[in-house]
Amino acid sequence: MFRSKSDSSFGVIGLGQFGLPLAMKLAESGKDCIVIDSCESKIQAMRSYTDYAFVVPELNREILEETGIHNCDTVIVCIGEKIDASILVTLNLLNLGVPRVVAKATTKEHGMVLERLGAEVVFPEQDIAFRLARRLLTSSDMLDHLSLKSDVEITKIKVTEQFSGNRIEELYLRQAYKLNIIAIENNEETNTEIDPTYTLVPGDILVVIGKRDKISFFESDLASGYFMSEQRREQLRKTKRLGGDT
């Protein structure tokens, strides 16, 4: 039975075109990851990525419990083509107490049912597995993405303990990542006049704009804990004139 040894663990059910690359990306990150599928060859392919890869004949509640997948912090249900199985597995996972269940949907109606059950819903596209992996690995720090032309995105970043108590100018987002803060949201208020000396508080949400690859670098540093580390701050102090940039 799988039992998580880390602060964040993931389960992937269904190793199809969406589930397999997602599972590989999560496992490659070094996080605890359990995968389940009925296909022996797909499970064999995953055993070089994780020790917790199980072939199961069916996906009833008893088998889910036996694998220990309910001990994961997040489970992604990637069996959207079999709508009845998708709904039943999602329901069982939620009833087993999984804190976060993300489910693949193939139709709007399918997605509505999954949402009613309490799952987060995704509608896969060509590269959504990798985008979802990045979002999951940064927990809930990265809230929304809006893609623009020329590889530019607008992203919302929730202020966590890493940010709280720091002034805007101390984040060095422009210097290190070429990201610009265009708004700060808090409750019902949105402020677009950014004061670089403003001190961030829990509940603040930064709205930033920048190139997609720069946002990816930022996501990676945020997930690894390198962002806001003293090592990074010292490096920036030595190489940049910090001034009042945001």
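No experiment lies behind these values; they were computed from the predicted model shown.

## Points about the overall build of the protein
Then, number 1: Along the protein, the regular secondary structure elements total nine helices and eleven strands.
Then, number 2: Taking all 246 residues of the protein together, the buried fraction comes to 45%.
Then, number 3: Relative to all contacts within the protein whose residues are 6 or more apart in sequence, the contacts with residues 24 or more apart total 62%.
Then, number 4: Of the roughly 12,800 Å² of accessible surface on the protein, a fraction of 48% belongs to carbon and sulfur atoms.

## With respect to the environment of asparagine 180
Then, number 1: Of note, asparagine 180 is situated in strand 9 (residues 180-186).
Then, number 2: A relative accessible area of 28% places asparagine 180 in the partly exposed class.
Then, number 3: For the pair formed by asparagine 180 and valine 207, sequence separation is 27 residues and the distance between their alpha carbons is 8.4 Å.
Then, number 4: The contacts of asparagine 180, once residues within four sequence positions are left out, are Arg174, Val207, Val208 and Ile209.

## Observations concerning the pattern of salt bridges
Then, number 1: Evaluation of the coordinates by the stated rule reveals six salt bridges.
Then, number 2: Residues glutamate 169 and arginine 167 are paired through a salt bridge, measuring 2.8 Å at the closest nitrogen-oxygen approach.
Then, number 3: A relative accessible area of 15% means that glutamate 169 is categorised as buried.
Then, number 4: With relative accessibility at 32%, the residue arginine 167 sits in the partly exposed group.
Then, number 5: When salt bridges with common partners are traced through the structure, they connect Arg167, Glu169 and Glu170 into a single cluster.

## Re the environment of isoleucine 215
Then, number 1: Within the secondary structure, isoleucine 215 sits in helix 8 (residues 212-224).
Then, number 2: You can call isoleucine 215 buried: its relative accessible area is 2%.
Then, number 3: Between the C-alpha atoms of isoleucine 215 and glutamate 153, which are 62 residues apart in sequence, the distance is 8.0 Å.

## Let's talk about the side chain of histidine 110
Then, number 1: Along the chain, the position of histidine 110 falls in helix 5 (residues 108-117).
Then, number 2: With residues up to four places along the chain from it excluded, the contact list for histidine 110 reads Gly80, Ile83, Ser86, Ile87, Lys104 and Ala105.

## Describing helix 1 (residues 19-28)
Then, number 1: Among all positions of helix 1, only Gly19, Leu22, Ala23, Leu26 and Ala27 are buried. Buried residues of helix 1 fall within an arc of 125° about the axis and therefore sit on the same side.
Then, number 2: The first or second residue beyond helix 1 is glycine 30, which carries a positive phi of 95°.

## What about the pairing of strand 4 (residues 74-77)?
Then, number 1: Of the two faces of strand 4, the one holding Thr74 and Ile76 and the one holding Val75 and Val77 are both buried throughout.
Then, number 2: With four bridges joining them, strand 1 (residues 9-13) and strand 4 adopt parallel strand pairing. Bridge pairing in strand 4 links valine 12 to isoleucine 76.
Then, number 3: Bridge count between strand 4 and strand 5 (residues 100-104): four bridges; the pairing is parallel. By the bridge assignment, isoleucine 76 is partnered in strand 5 with valine 102.

## Remarks on unusual backbone geometry
Then, number 1: Within the chain, tyrosine 172 stands out as a residue other than glycine whose phi angle is a positive 60°.
Then, number 2: Its place among the elements puts tyrosine 172 in the loop between strand 8 (152-158) and helix 7 (173-177).

## Thoughts on the confidence of the model for the protein
Then, number 1: On average, residues of the protein score 80 in pLDDT, and 75% of them are at 70 or above.
Then, number 2: pLDDT under 50 marks residues 241-246. Its contacts with residues more than four places away, or in other chains, come to 18 contacts.

## A closer look at the sheet that holds strand 4
In sheet architecture, strand pairing relies on hydrogen bonds along the backbone and comes in two forms, parallel and antiparallel.
Then, number 1: Pairing is parallel in the open sheet, where six strands are placed in the order 3-2-1-4-5-6. At either margin of the open sheet sits one strand with a lone partner, and together these are strand 3 (52-55) and strand 6 (120-122). Taken over all neighbouring pairs, the strand axes of this sheet differ in orientation by 15° on average, direction set aside.

What counts and what doesn't
- Residues numbered from 1 in each chain as written.
- Predicted model: local features only at pLDDT ≥ 70, side-chain atom pairs only at ≥ 80, totals over all residues.
- Heavy atoms only, no water.
- Helix = DSSP H or I, 4+ residues; strand = E, 2+ residues; numbered from the N terminus.
- Buried < 20%, exposed > 50% of the residue type's maximum accessible area, 1.4 Å probe, protein only.
- Contact = heavy atoms within 4.5 Å.
- Areas by Shrake-Rupley, 256 points an atom, 1.4 Å probe, with all protein chains shown as cover.
- Salt bridge = Lys/Arg side-chain N within 4 Å of Asp/Glu carboxyl O.
- Arc of directions from axis to C-beta.
- Pairing = 2+ DSSP bridges.
- pLDDT = per-residue confidence, 0-100.
- Axes fitted to C-alpha atoms, helices over the stretch in contact; angles between N-to-C directions.

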